[in-house]
Amino acid sequence: IKTIGKKAPKNGKDVTLTIDTNLQSTIYDQYKSDSGASVAMQPKTGAVLALVSAPSYDPNDFILGMSSDKWNSLQNDANKPLLNRFKTTFAPGSTFKPITASIGLDTNKLNVDEDKKISGLKWQEDSSWGNYYVTRDESYSEPANLLNALVHSDNIYFAKTALAIGKDNFLSETKKLGIGSAMPFEYGLQTSQITSNGKIKDDIQLADSGYGQGEVLINPVQLT
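Residues numbered from 1 in each chain as written. Predicted model: local features only at pLDDT ≥ 70, side-chain atom pairs only at ≥ 80, totals over all residues. Heavy atoms only, no water.

*Asks:* Is there a simple way to think about the overall build of the protein in this case?
*Replies:* A count of helical and extended segments in the protein gives eight helices and four strands. Listed N to C, the secondary structure of the protein is α-β-β-α-α-β-β-α-α-α-α-α in terms of helices and strands. At 23 Å, the protein has a C-alpha radius of gyration far larger than the 17 Å of a compact globule built from 224 residues. Across its three principal directions, the C-alpha atoms of the protein cover 90 × 40 × 35 Å. In the protein, which comprises 224 residues, the proportion classed as buried is 36%. For the protein, the share of sequence-separated contacts (at least 6 apart) that also reach a separation of at least 24 residues comes to 67%. Within the structure as shown, the protein displays about 14,300 Å² of accessible surface, and the carbon and sulfur contribution to it stands at 49%. For the protein, the centre of its 23 positive side-chain charges and the centre of its 25 negative side-chain charges are spaced 10 Å apart. (Helix = DSSP H or I, 4+ residues; strand = E, 2+ residues; numbered from the N terminus. Rg over C-alpha atoms; globule rule 2.2 N^0.38 Å. Buried < 20%, exposed > 50% of the residue type's maximum accessible area, 1.4 Å probe, protein only. Contact = heavy atoms within 4.5 Å. Areas by Shrake-Rupley, 256 points an atom, 1.4 Å probe, with all protein chains shown as cover. Lys, Arg positive; Asp, Glu negative; His and termini not counted. Charge placed at Lys NZ, Arg CZ, Asp CG, Glu CD.)

*Asks:* Which parts of the structure should I look at to understand the layout of surface pockets?
*Replies:* The rolling of a water-molecule-sized probe over the atoms marks out the regions of remaining empty space. Taken as a whole, the largest pocket holds about 640 Å³ of empty space. For the largest pocket, the lining is made up of 24 residues, of which Ile19, Gln24, Leu51, Phe86 and Tyr187 are closest to its centre. Mapped by element, the contributors of at least two residues to the lining of the largest pocket are α1 (21-31) and β2 (48-54). Considering each element in turn, the lining of the largest pocket owes the most residues, four residues, to β2. Partitioned by chemical class, the residues of the lining of the largest pocket number 16 nonpolar, seven polar and one charged. (1 Å grid on protein atoms, 1.4 Å probe; cavity = no way out; pocket = protein on both sides within 12 Å on 5 of 7 lines; lining within 4 Å. Points joined across faces, edges and corners; volume = space filled by probe spheres on them. Nonpolar A, V, L, I, M, F, W, Y, C, P; charged D, E, K, R; others polar.)

*Asks:* It is not clear to me how the pattern of salt bridges should be interpreted in this structure. Could you clarify?
*Replies:* Opposite charge on two side chains allows them to pair when their charged atoms are near. Counted according to the given criterion, the structure contains four salt bridges. Across the pair Arg136 and Asp154 runs a salt bridge whose closest N-O atoms are separated by 2.7 Å. Placement of Arg136 in the loop between β4 (134-135) and α4 (146-151) and of Asp154 in the loop between α4 and α5 (155-165) is noted, with a sequence separation of 18 residues between them. Given a relative accessible area of 0%, Asp154 falls into the buried group. A salt bridge links Glu173 to Lys176; the nearest nitrogen and oxygen atoms lie 3.0 Å apart. (Salt bridge = Lys/Arg side-chain N within 4 Å of Asp/Glu carboxyl O.)

*Asks:* Where do I start with α1 in this structure?
*Replies:* Since the α-helix packs 3.6 residues into each turn, any two residues three or four apart lie on the same face. The N-capping residue of α1, defined by a side-chain oxygen 3.0 Å from the backbone nitrogen of Asn22, is Asp20. Positive phi shows up at Lys32, right after α1, with a value of about 50°. (Polar contact = N/O pair within 3.5 Å; in protein donor to acceptor, adjacent residues only side chain to side chain.)

*Asks:* How do you make sense of helix α7 (residues 203-210) when you look at a structure like this?
*Replies:* Of all eight residues in α7, six are buried; the element is thus mostly enclosed. Along α7, the positions that sit buried rather than exposed are Gln205, Leu206, Ala207, Asp208, Ser209 and Gly210. Along its buried surface, α7 packs onto α3 (97-106), β4, α5 and α6 (167-176). Sitting at the head of α7, Asp202 places a side-chain oxygen 3.3 Å from the backbone nitrogen of Ile204. Just downstream of α7 lies Gly212, where phi reads positive at about 80°.

Shape descriptors only; they carry no functional weight alone.
Here it is, written out as structure tokens:
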């Protein structure tokens, strides 16, 4: 008996997860028939406690092979259970407003107590915007300062703040936050963006970017 080939065994390594299975299940169950993504992190360490994409599917169906009917039902489902929502990017909307505020503060372009004198439900910088207006859901009697703008989720306030910040500052400061760069994360995530081509073409796009619209797309993990 001869040994033709030999290779020393390499022992496996322990895999340590930070996911809290109870929290993961609880968040997923909250979605019921809705679709969306949720991320929960330990704020002091950044440890990921939950990564939820809903609706989902049973991965065990793939182990022994899946019937064509089952596969087609997943592919054709309007709720897209095969789409990993925490991996991709979405328009962040109002969740981006605190980021715009922080940029305004860092660049000394925002006075938190200043009343921006906003009235009505729509606003444009000047007539060069044509028929385009930034709109908001409600008006309020309190001064249009940072606190009240956050309380009332005032799109116009943050559009004005973005314009005060300026295109160059807005782009450079968001880059400092890692937006536009691949995240150092074990699970591959789609890269967030402020624009599709690295440039803000005009003041309308800049204003819209201030409240998380325009071409802004953010990954849920990065936003958390």
